[in-house]
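# Residue-level structure breakdown
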Amino acid sequence: MKLSINSTFDAGNIELINLDNPRNIQLKIRKDTESDFLQWFYFRLQGAKGQACKLNLMNAGDAAYPEGWENYQARASYDRETWFQVSTEYNDSILSIDFIPENDSVYIAYFAPFSYEQHLDLVNNAQQSPLCSLESIGHTIQGRPIDFLRIGNDDKDKKNLWIIARQHPGETMAEWFMLGLISRLLDEEDATSVSLLKKANLYLVPNMNIDGSILGNLRVNAKGVNLNREWLAPSIENSPEVYFVKQKMKEIGMDFNLDVHGDEGLPYVFISGIEGIPSFDKKLNKLTDSFMNNWKTINPDIQDKHGYPKNDPGTANLMICSKNLGEEFNCLSQTLEMPFKQNDNIPDLVYGWSPERSIKLGESLVASLFSIVEDL
Ligand SMILES: [Zn+2]
């Protein structure tokens with residue numbers, strides 16, 4: 001069978017340079033829409049069953065985070081359900097994926113994708129719980145609804161907890177995390193979830209950047225805008241995804257926010273806090289510490305030895321979501337980062353950091369929220 005490469009599907013991203021020699025298949029990652037960022041790839045290889053293939057991503061050195069390729073293993077799948085690691089090396093600005101497909105059709109991606117169809121299943125299934133409602137709170141640049149889930153009864157005396165994910169569309173682990181979080185919150189046999197919902201309303205945006213996800217982008221929306229730099233002055237014209245969500249936050253109020261991401265470089269799960277915002281005080285400091293200390297006991301995938309350096313007082317960039325909201329609502333507001341590589345503390349040599357681990361981390365957030373909800 002003749003070899004072929006294709007990426008004309010939801011979240012697909014690759015350009016073919018040369019397919020003459022299976023040991024030197026030459027490919028290029030396409031740039032994000034209206035942007036110079038590139039890193040997300042997702043394509044289908046056909047006709048290579050039993051054949052040793054070497055797929056060279058020739059422009060990997062131009063990626064947004066070239067350090068993301070060090071000790072990184074690409075993911076592959078035959079059924080798009082199980083995504084396993086394949087032997088990958090980064091040399092001289094080229095990322096080389098070397099393996100022998102067991103089937104004639106194999107998918108290869110930067111990380112296990114989370115498709116728009118999966119997103120629609122997630123929100124439409126959630127709304128069937130009596131605890132949950134689904135609302136469209138505005139439209140993206142390309143006219144898709146911005147899906148917003150309310151879990152709880154909107155009681156004004158309860159705390160308002162926000163969790164949003166996937167501002168950066170290539171960070172698909174963020175939506176896997178939301179899948180775990182939402183399914184546990186809606187489990188009426190789960191005493192922790194039931195007890196949390198007695199004290200809190202949960203407001204969730206499982207995918208902040210639907211257009212970018214479908215376009216196969218790493219970081220930006222359909223206008224080439226990085227949504228996580230838009231929180232100071234979002235606009236309907238360039239960043240409607242942030243504009244409408246922030247409007248809803250102001251309408252409802254906020255006592256807690258978590259913005260869920262993936263980090264290309266670091267092989268750990270970690271949190272980036274709001275130490276540098278002007279109104280960071282003793283109360284926020286204490287909440288930051290107890291949230292971390294509790295969560296890492298509940299799920300040891302979370303740790304605080306490795307992460308971004310903390311901002312000095314007053315130096316936080318208020319264009320960034322978690323910092324902007326922490327300042328505006330004077331509440332605990334943080335960015336969660338999961339790895340594309342591994343959690344080096346608890347490595348999984350077959351799957352690396354995976355949808356399953358992201359789901360379990362999302363489930364575990366319920367218990368960590370329950371542990372601090374009274375103090376928020
Ligand atoms: Zn991100």
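To be clear, the structure that these remarks concern was listed above.
Residues numbered from 1 in each chain as written. Predicted model: local features only at pLDDT ≥ 70, side-chain atom pairs only at ≥ 80, totals over all residues. Heavy atoms only, no water.

## Focus on the overall build of the protein chain
A tally of helices and strands in the protein chain yields 8 helices and 17 strands. Over its C-alpha trace the protein chain gives a radius of gyration of 21 Å, about what one expects of a compact globule, namely 21 Å for 376 residues. When the backbone C-alpha atoms are referred to their principal axes, the protein chain occupies close to 65 × 45 × 40 Å. Taking all 376 residues of the protein chain together, the buried fraction comes to 58%. Of the contacts made within the protein chain by residues no fewer than 6 positions apart, 76% connect residues no fewer than 24 positions apart. For the protein chain, the accessible area works out to roughly 15100 Å², and carbon and sulfur atoms hold 46% of it. With 35 positive and 53 negative side-chain charges, the protein chain shows a separation of 2 Å between the mean positions of the two kinds. (Helix = DSSP H or I, 4+ residues; strand = E, 2+ residues; numbered from the N terminus. Rg over C-alpha atoms; globule rule 2.2 N^0.38 Å. Buried < 20%, exposed > 50% of the residue type's maximum accessible area, 1.4 Å probe, protein only. Contact = heavy atoms within 4.5 Å. Areas by Shrake-Rupley, 256 points an atom, 1.4 Å probe, with all protein chains shown as cover. Lys, Arg positive; Asp, Glu negative; His and termini not counted. Charge placed at Lys NZ, Arg CZ, Asp CG, Glu CD.)

## Describing the coordination of the zinc ion
Angles at a metal have ideal values that depend on geometry: 109.5 degrees with four tetrahedral donors, 90 or 180 degrees with six octahedral donors. Looking at the zinc ion, the protein donor atoms are H168 (ND1), E171 (OE), E171 (OE) and H261 (ND1), and they sit 2.1 to 2.5 Å from it. Coordination geometry of the zinc ion: the 4 donor atoms subtend angles of 56 to 147° at the metal centre, consistent with an arrangement described as irregular. Here the donor residues of the zinc ion share one chain and are spaced in sequence as H-x2-E-x89-H. Using a relative accessible area of 3% as the deciding quantity, one classes H168 as buried. For E171, a relative accessible area of 1% gives the class buried. (Donors = N, O, S within 2.8 Å, 3.2 Å for Na, K, Ca; no water. Tetrahedral: all angles 85-135°; square planar, octahedral: opposite > 155°, others 65-115°.)

## Describing the side chain of D301
Tracing the sequence through the fold places D301 in the loop between helix 6 (282-298) and helix 7 (321-329). A polar contact is formed between the side chain of D301 and the side chain of R357, at a distance of 2.8 Å. In contact with D301, other than residues within four places in its own chain, are V269, N343, I346, W353, R357 and L361. (Polar contact = N/O pair within 3.5 Å; in protein donor to acceptor, adjacent residues only side chain to side chain.)

## Thoughts on the sheet that holds strand 2 (residues 15-18)
The pairing of strands in a sheet comes from backbone hydrogen bonds and takes either a parallel or an antiparallel form. Strand order in this open sheet of 5 strands is 2-3-5-9-8, and the pairing throughout is mixed. The sheet is open, and its two edges are formed by strand 2 and strand 8 (88-91), each paired on a single side. Here the strands of the sheet are splayed against their neighbours by 25° on average, with no regard to which way each runs. (Pairing = 2+ DSSP bridges. Axes fitted to C-alpha atoms, helices over the stretch in contact; angles between N-to-C directions.)

## Remarks on the packing of aromatic side chains
In total, this model carries 23 aromatic pairs according to the counting rule given. With centroids separated by 5.6 Å and ring planes inclined at 40°, the aromatic side chains of Y78 and F84 adopt a geometry described as tilted. For the pair F148 and Y203, a centre-to-centre distance of 6.0 Å together with 10° between the ring planes defines the contact as stacked. In this pair, F148 sits in strand 12 (residues 145-151) while Y203 sits in strand 14 (residues 200-205), placing the two residues 55 residues apart along the sequence. In this structure, F148 and Y203 share a single accessibility class: buried. Of note, R219 hangs over the ring of F37, and the distance from its end group to the ring centre comes to 5.3 Å. (Phe/Tyr/Trp six-rings, centres within 6.5 Å; stacked < 30°, edge-to-face > 60°. Lys NZ or Arg CZ within 6 Å of the ring centre and 35° of its normal.)

## Describing the packing of helix 5 (residues 240-252) against helix 7
Two quantities define a packed helix pair, namely the angle between the axes and the distance from one axis to the other. Contact geometry for helix 5 and helix 7: axes closest at 12 Å, N-to-C directions at 25°. Here helix 5 lies roughly parallel to helix 7, going by the angle between them. Seen from above, helix 5 lies across helix 7 with right-handed handedness. For the pair formed by helix 5 and helix 7, the contact residues are K246, M249 and K250 on the first element and N324, L325, E328 and F329 on the second. Its residues assigned to classes, the contact of helix 5 with helix 7 comprises 3 nonpolar, 1 polar and 3 charged. (Parallel < 35°, antiparallel > 145°, perpendicular 65-115°, else oblique. Left-handed = near helix turned anticlockwise from the far one by under 90°. Nonpolar A, V, L, I, M, F, W, Y, C, P; charged D, E, K, R; others polar.)

## Section: helix 1 (residues 116-126)
Residues of helix 1 that are buried include every one of Y116, H119, L122, V123 and A126, and no others. Burial along helix 1 is one-sided: seen end-on, the buried residues are contained in an arc of 115°. Away from its buried face by more than 90 degrees, helix 1 exposes E117 and N125. Here the buried face of helix 1 lies against strand 11 (132-139), strand 12, helix 2 (173-185) and helix 4 (210-215). Where helix 1 begins, the capping side chain belongs to S115, and its oxygen is found 3.4 Å from the backbone nitrogen of E117. (Arc of directions from axis to C-beta.)

## A few points about the sheet that holds strand 14
An order of 11-12-14-13-15-17-16 is seen for the 7 strands of this open sheet, with the pairing classed as mixed. Because the sheet does not close on itself, it has two edges, and the strands there are strand 11 and strand 16 (270-272). On average, each strand axis in the sheet is tilted by 25° relative to the strand beside it, whichever way the strands run. Sheet topology places strand 13 (residues 159-165) next to strand 15 (residues 256-263); 5 bridges connect them, and they run parallel. Note that in strand 15 the partner of W162 across the bridge is N257. Relative to strand 14, helix 3 (residues 191-199) is tilted by about 100°, and along the sheet it contacts strand 12, strand 13 and strand 14. Relative to strand 17 (residues 332-339), helix 8 (residues 355-372) is tilted by about 155°, and along the sheet it contacts strand 13, strand 14, strand 15 and strand 17.

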